[in-house]
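# Secondary and tertiary structure notes
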Amino acid sequence: MNTLKAFEEIIGYRFTNKDLLKTALTHSSYANENRHAHAVYNERLEFLGDSVLSLVVSNYIFENYPNLPEGDLTKTRAAIVCERSLWACAVNIELGNYLILGRGEEQTGGRTRVSILADAYEALIAAIYLDGGFQVVREWLLGQLYDTIVDSVKGKTFTDYKTALQERVQTAGSISIRYDVVDEFGPDHCKTFLVHVFVNDELMGMGEGSSKKNAEQAAAQNALSKLGVGGA
């Protein structure tokens, strides 16, 4: 199974034009280091994807929350389309594993860098839009962002400890962060998950939660506390 096909299965969308997907995954560092290959990188797609994302989110909250005033609409949209939110979406679909990077960027942790993943996610949005049309990318995006939209409209303040941990450790260079579910207990309708987080294969934190995602957040918060960040 080639990598493009594997990634299509993860994201739940098959491209008619595979070149669009390849471009979305190609970082400028690869193109700069391989000029002979005339590789097309994803910055133009990122530009378009940013606009498509904003339109989809704006239209959805405008139509579904008619009582929100303009100021609250603006704040809600900003919370949904922020870099951290996009990074979390990129991590959920394992986007970093499929990026096409230059050697230098690879060696300095580019596959996990927040800005690179968020930008590539916007490029992927544009690629799906160009390949399948607005309605297709709208349905795909809303499936990805639904929980974030609901929480943002409710005014829930959610600290993304996984992102905070990533940003804290990535300055050290090539960093590998791994979350492992080491135990789960309780009845099926009320399970509790225990997760360990490893940084470069060193156990840095552990946490429990009612879902794997919640347990991962708790583990990341625990790791941040050990790093002296105070869990924020």
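An account of the accompanying structure is given in this report.

Calculation notes
In this numbering scheme, every chain counts its residues from 1 along its sequence in written order. Only residues with pLDDT of at least 70 are given local features in this predicted model, and only at 80 or more are side-chain atom pairs given and counted; all residues enter the totals for whole chains, interfaces and linings. Side-chain measures here rest on the full set of heavy atoms in the structure, leaving out hydrogens and waters. A run of H or I in DSSP becomes a helix once it reaches four residues, and a run of E becomes a strand once it reaches two; helices and strands are each numbered from the N terminus. Atoms considered for the radius of gyration are the C-alpha atoms alone. The globule rule reads 2.2 Å times the number of residues to the power 0.38. The buried label goes to any residue with under 20% of its type's maximum accessible area, the exposed label to any with over 50%, and the partly exposed label to all in between, with areas taken from a 1.4 Å probe on protein chains only. Note on definitions: a residue-residue contact is assigned when non-hydrogen atoms from the two residues lie within 4.5 Å. For the accessible areas, the method is Shrake-Rupley and the probe is 1.4 Å, while residue cover comes only from the protein chains on display. Axis definition: a line fit to C-alpha positions, over the contact stretch in the case of helices; interaxial angles, taken between N-to-C directions, run 0 to 180 degrees. An angle counts as roughly parallel when it lies under 35 degrees, as roughly antiparallel when it exceeds 145, as roughly perpendicular when it falls between 65 and 115, and as oblique in every other case. Just so you know the grouping, Ala, Val, Leu, Ile, Met, Phe, Trp, Tyr, Cys and Pro go in nonpolar, Asp, Glu, Lys and Arg go in charged, and all remaining residues, Gly too, go in polar. The rule is short: rings of Phe, Tyr and Trp, with Trp giving its six-membered ring, pair when the centres are within 6.5 Å, and they are stacked under 30 degrees, edge-to-face over 60, tilted in between. The rule for pairing is simple: two strands pair if DSSP sees at least two bridges between them. Think of it as the arc spanned by the lines of direction from the helix axis to the C-beta atoms. Here, nonpolar core means buried Ala, Val, Leu, Ile, Met, Phe, Trp, Tyr and Cys residues that are tied together by side-chain atoms lying within 4.5 Å of each other.

### So, the overall build of the protein chain
For the protein chain, the count of helices and strands is 11 helices and three strands. Taking 2.2 N^0.38 as the reference for a compact globule, 232 residues should give roughly 17 Å; the C-alpha atoms of the protein chain span a radius of gyration of 19 Å, in line with that estimate. A total of 232 residues make up the protein chain; the buried ones form 43% of that total. Sequence separation of 24 or more characterises 54% of the internal contacts of the protein chain that already satisfy a separation of 6 or more. Summed over all atoms, the accessible surface of the protein chain reaches about 12300 Å², with 49% contributed by carbon and sulfur.

### What to know about the packing of helix α4 (residues 43–64) against helix α8 (residues 114–132)
The description of two packed helices rests on the angle between their axes and on the distance between the axes. Taken N-terminus to C-terminus, the directions of α4 and α8 make an angle of 80°; their axes are 7 Å apart at the nearest point. When the axis of α4 is compared with that of α8, the two are roughly perpendicular. Counted together, L45, E46, L48, G49, D50, V52 and L53 of α4 and D119, E122, A123, I125, A126, A127, Y129 and L130 of α8 form the full contact between these two elements. Broken down by class, the residue content of the contact of α4 with α8 amounts to 10 nonpolar, one polar and four charged.

### A look at the packing of aromatic side chains
Counted according to the given criterion, the structure contains three aromatic pairs. Taking 5.0 Å as the distance between ring centres and 40° as the angle between the ring planes, the aromatic pair formed by F7 and Y98 counts as tilted. With a gap of 91 residues between them, F7 in helix α1 (residues 3–11) and Y98 in the loop between α6 (83–92) and α7 (103–107) connect regions that are remote in the sequence. Overall, the relative accessible area of 0% leaves F7 in the buried class.

### Some words on the pairing of strand β2 (residues 192–199)
Judged by how many residues are buried, β2 sits mostly within the fold: seven of eight residues are covered. Bridge count for strand β1 (residues 177–185) against β2 is eight bridges, and the pairing is antiparallel. In the sheet register, E184 faces β2, and the bridge partner there is F193. Across seven bridges, β2 lies against strand β3 (residues 202–209) in antiparallel orientation. When the sheet's bridge partners are listed, H196 is paired in β3 with M206. Between the antiparallel neighbours β2 and β3 lie two residues, among them N200 with a positive phi of about 50°.

### A word on the sheet that holds β2
Strand order in the open sheet formed by three strands is β1-β2-β3, and the pairing between neighbours is antiparallel. Of all strands in the sheet, those bounded by a partner on one side alone are β1 and β3. Going across the sheet, the axis of each strand differs from the next one's by a mean of 20°, ignoring polarity. Contacts from helix α10 (residues 161–169) reach β1 and β2, with the element oriented near 145° to β1. In the packing of helix α11 (residues 212–226) onto the sheet, the strands contacted are β1, β2 and β3, and the crossing angle to β3 comes to about 135°.

### Structural notes on helix α5 (residues 70–80)
Looking only at α5, the buried set comprises L73, T76 and I80. Relative to the axis of α5, the buried residues are bounded by an arc of 70° and lie together on one face.

### Focus: the environment of G132
For G132, the position within the fold is in helix α8. Between the C-alpha atoms of G132 and R14, which are 118 residues apart in sequence, the distance is 9.3 Å.

### Side note on the nonpolar core
F7, F15, L95, Y121 and L124 are the most contacted members of the largest nonpolar core, which has 46 residues in total. Contributing elements (two or more residues each) for this core: α1, α2 (18–25), α4, α5, α6, α8 and α9 (134–153). At 12 residues, α8 tops the list of elements feeding residues into this core. For L95, the residues in contact, after removing those within four places along its chain, are F7, L25, A90, L117, A120, Y121 and L124.

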